[in-house]
Amino acid sequence: MTHSIRKATADDAGPLAALAAVTFPLACPPSASPDDIAAHLANTLSEKHFRGYLADPAVTILVIDADGGLRGYSLLVNRPAEDPDVASALTVLPSVELSKCYVHPEHHGLGAAAELMHASLEAAAGTGAAGVWLGVNSQNARAIRFYEKSGFRKVGSKSFRLGTTVEHDFVLERAVP
């Protein structure tokens, strides 16, 4: 498999939504209901929403393009944290949010996520930010291990609404390279 990491374009909105439908449920806790996951996909990760993200100058989306298909993506948001729990926890400012970082399950364990993370950190550094932060479900041990291996450390916690339920996320941050 050959792949490259590139900045997403407007033509990627539909493929990004399709990829999100595969990858987002994998990040949810086992107790998450299919209805809550579907509601989140419809309300946050639809093609329409990706078109909006791609048009937002504060948002950068990077994709793993493998043999003509998208196999991973990250979404960076370059604006101050609005959640007071996050804002009070961050210590490396100014900071960019790594809002999403997902790789198709067929590419887990192949180094693609590490490459995407490296490119995402470089993109964050390119904005002039000193740090990067993210929220990760407190029950997602695999993702937490990956983020810690990528240099992130836990600095706080926040709530995350998933459909009708409230989930609990750890807030992790790291300095940009």
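Now for a quick tour of the structure. Model, not experiment: these values are computed from the prediction. (Residues numbered from 1 in each chain as written. Predicted model: local features only at pLDDT ≥ 70, side-chain atom pairs only at ≥ 80, totals over all residues. Heavy atoms only, no water.)

1. A few points about the side chain of Thr 23
Here Thr 23 is to be found in helix α1 (residues 13–27). Here Thr 23 falls in the buried class, since its relative accessible area comes to 2%. Excluding residues within four positions of it along the chain, Thr 23 makes contact with Tyr 73, Tyr 102, Val 103, His 104 and Pro 105. (Helix = DSSP H or I, 4+ residues; strand = E, 2+ residues; numbered from the N terminus. Buried < 20%, exposed > 50% of the residue type's maximum accessible area, 1.4 Å probe, protein only. Contact = heavy atoms within 4.5 Å.)

2. Regarding the pairing of strand β2 (residues 59–66)
Most of β2 sits out of view: seven of its eight residues are buried. The pairing of strand β1 (residues 3–7) with β2 spans five bridges and is classified as antiparallel. Directly across from Ser 4, in β2, lies its bridge partner Asp 65. Relative to strand β3 (residues 69–77), β2 is paired through eight bridges, and the arrangement is antiparallel. Of the residues in β3, the one forming a bridge with Ile 64 is Gly 72. The turn joining β2 and β3, which pair antiparallel and follow one another in sequence, is formed by two residues; a positive phi near 50° is taken by Asp 67. (Pairing = 2+ DSSP bridges.)

3. Describing the sheet that holds β3
By definition, the strands of a sheet pair up through backbone hydrogen bonds, in either a parallel or an antiparallel sense. Strand order in this open sheet of seven strands is β1-β2-β3-β4-β5-β7-β6, and the pairing throughout is mixed. Each end of this open sheet is capped by a strand with a single partner; those strands are β1 and β6 (153–162). Each strand axis lies, on average, 25° off the axis of its neighbour in the sheet, ignoring direction. Where strand β4 (residues 95–103) lies against strand β5 (residues 131–137), three bridges are found, and the strand directions are parallel. In the strand pairing of β5, Ser 95 is matched with Gly 131. Docked against the sheet, α1 engages β2, β3, β4, β5 and β6, running at close to 80° with respect to β3. Strands β1, β2, β3, β4, β5 and β7 (165–175) of the sheet are contacted by helix α5 (residues 112–126), whose axis makes an angle of about 160° with β4. (Axes fitted to C-alpha atoms, helices over the stretch in contact; angles between N-to-C directions.)

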